[in-house]
Amino acid sequence: MKKKLLILILLTIVVKIGWTQNTNLDYKSALKIYNLTSFDEQTISRRLTASSPLYQYTNTTMQILHPTIAFQWRSKKYNFHEIELTSFMLGKIGKTTDSITTNSAQIISGGDLTITAISLQYEYILNFNKSKDSKLVPSIGFGINPYYRQNNNSPKAPSSFHTSDINIGMRAFVTPRIYYFLTSKLFLDVNIPLCFFDTFYYAGKEDNPALSLLERTTNTYNFSLFPKVFSGRIGIGIKL
């Protein structure tokens with residue numbers, strides 16, 4: 001009789017644990033607004049001509065305030081999928097330097113720089129504390145980040161030539177994060193994306209008539225393991 005009672009108690013505990021669910025995670029979707037702070041150092045390999053050896057140069061970017069927007073939805077196992085628009089830009093920067101004489105002005109440098117950039121990130125987020133009704137929920141995300149950037153430089157000086165470069169690539173991240181549920185509708189999300197690889201295709205072109213058609217274009221593939229990409233995000237989420 002005692003054994004039967006013990007088995008019944010154990011079964012009750014197992015069933016209770018199986019059905020217990022953190023009510024803070026019981027929502028279908030959410031909209032998030034982040035601020036992304038980042039430091040990015042990207043090394044690009046290219047050739048001056050088709051026959052010259054490779055050389056490298058480094059682009060460094062640092063952003064303190066960079067708002068992004070994300071949409072999140074829940075999986076059947078109370079984990080999350082998330083898509084974030086990390087960058088979207090279409091713009092033009094113009095600059096002209098003139099040499100002025102008494103009767104005329106001559107352009108000696110300057111031009112128009114047109115920039116097109118888009119970057120998206122998808123994450124699958126594993127939540128912990130699922131069976132505990134806690135406002136603090138640690139989790140970890142696994143993400144991929146495809147991106148595209150194109151720069152077109154149209155010089156105004158007659159001695160300069162049109163140039164363009166394109167970067168098409170993808171990064172992969174592991175992201176430890178902590179959710180804190182403020183109310184039944186609002187929550188905070190603090191996380192640190194850790195980049196473990198960056199791979200991209202680079203295409204550069206210079207319309208210099210002194211070069212052959214083959215030498216005007218440079219194409220290289222670049223790969224970095226654990227690149228110098230450091231970032232942190234803090235966001236507020238709204239349950240829909």
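Structure: above.
In this text the structure is predicted, and so the values were computed from the model without any measurement.

(A) Layout of the pattern of salt bridges. If you walk through the whole model with that rule in mind, you get eleven salt bridges. Residue D198 pairs with R171 through a salt bridge whose shortest N-O separation is 3.4 Å. One end of the pair, D198, is in strand β9 (residues 194-206); the other, R171, is in strand β7 (residues 163-181), with 27 residues separating them in the sequence. R171 shares its class with D198; the two are buried. Linked by salt bridges that have partners in common, K32, E82, E84, E123, R177, D189 and R233 make up one network.

(B) Focus on the pairing of β9. Two elements, β7 and β9, share twelve bridges in a ladder whose sense is antiparallel. Counterpart to F173 in the pairing with β9 is C195. Bridging between β9 and strand β10 (residues 217-225) involves nine bridges; their strand directions are antiparallel. Along β10, the bridge assignment pairs T199 with F223.

(C) Fine view of unusual backbone geometry. Of note, the phi angle at Y78 is positive, near 60°, even though the residue is not glycine. Its location among the elements puts Y78 in the loop between β3 (67-74) and β4 (80-100). Of note in this structure, N129 is not a glycine but carries a positive phi near 60°. If you trace the backbone, N129 turns up in the loop between β5 (105-127) and β6 (136-155). Assessed through its relative accessible area of 28%, N129 is described here as partly exposed.

(D) Just the packing of aromatic side chains, in detail. Applying the stated criterion to the full structure yields eleven aromatic pairs. Judged by centre distance (5.1 Å) and plane angle (45°), the ring pair of Y201 and Y221 falls under tilted. Of this pair, Y201 sits in strand β9 while Y221 is found in strand β10, placing the two residues 20 residues apart along the sequence. Owing to a relative accessible area of 26%, Y201 belongs among the partly exposed residues under this scheme. Using a relative accessible area of 70% as the deciding quantity, one classes Y221 as exposed. The rings of Y27, F80, Y179, F181 and F187 are connected pair by pair, giving a single aromatic cluster. Sitting over the face of the ring of Y147, R171 holds its NZ or CZ atom 5.4 Å from the ring centroid. For the cation-ring pair, R233 lies above Y34, with the distance from its terminal atom to the ring centre recorded as 4.7 Å.

Parameters at a glance
Residues numbered from 1 in each chain as written. Predicted model: local features only at pLDDT ≥ 70, side-chain atom pairs only at ≥ 80, totals over all residues. Heavy atoms only, no water. Salt bridge = Lys/Arg side-chain N within 4 Å of Asp/Glu carboxyl O. Helix = DSSP H or I, 4+ residues; strand = E, 2+ residues; numbered from the N terminus. Buried < 20%, exposed > 50% of the residue type's maximum accessible area, 1.4 Å probe, protein only. Pairing = 2+ DSSP bridges. Phe/Tyr/Trp six-rings, centres within 6.5 Å; stacked < 30°, edge-to-face > 60°. Lys NZ or Arg CZ within 6 Å of the ring centre and 35° of its normal.

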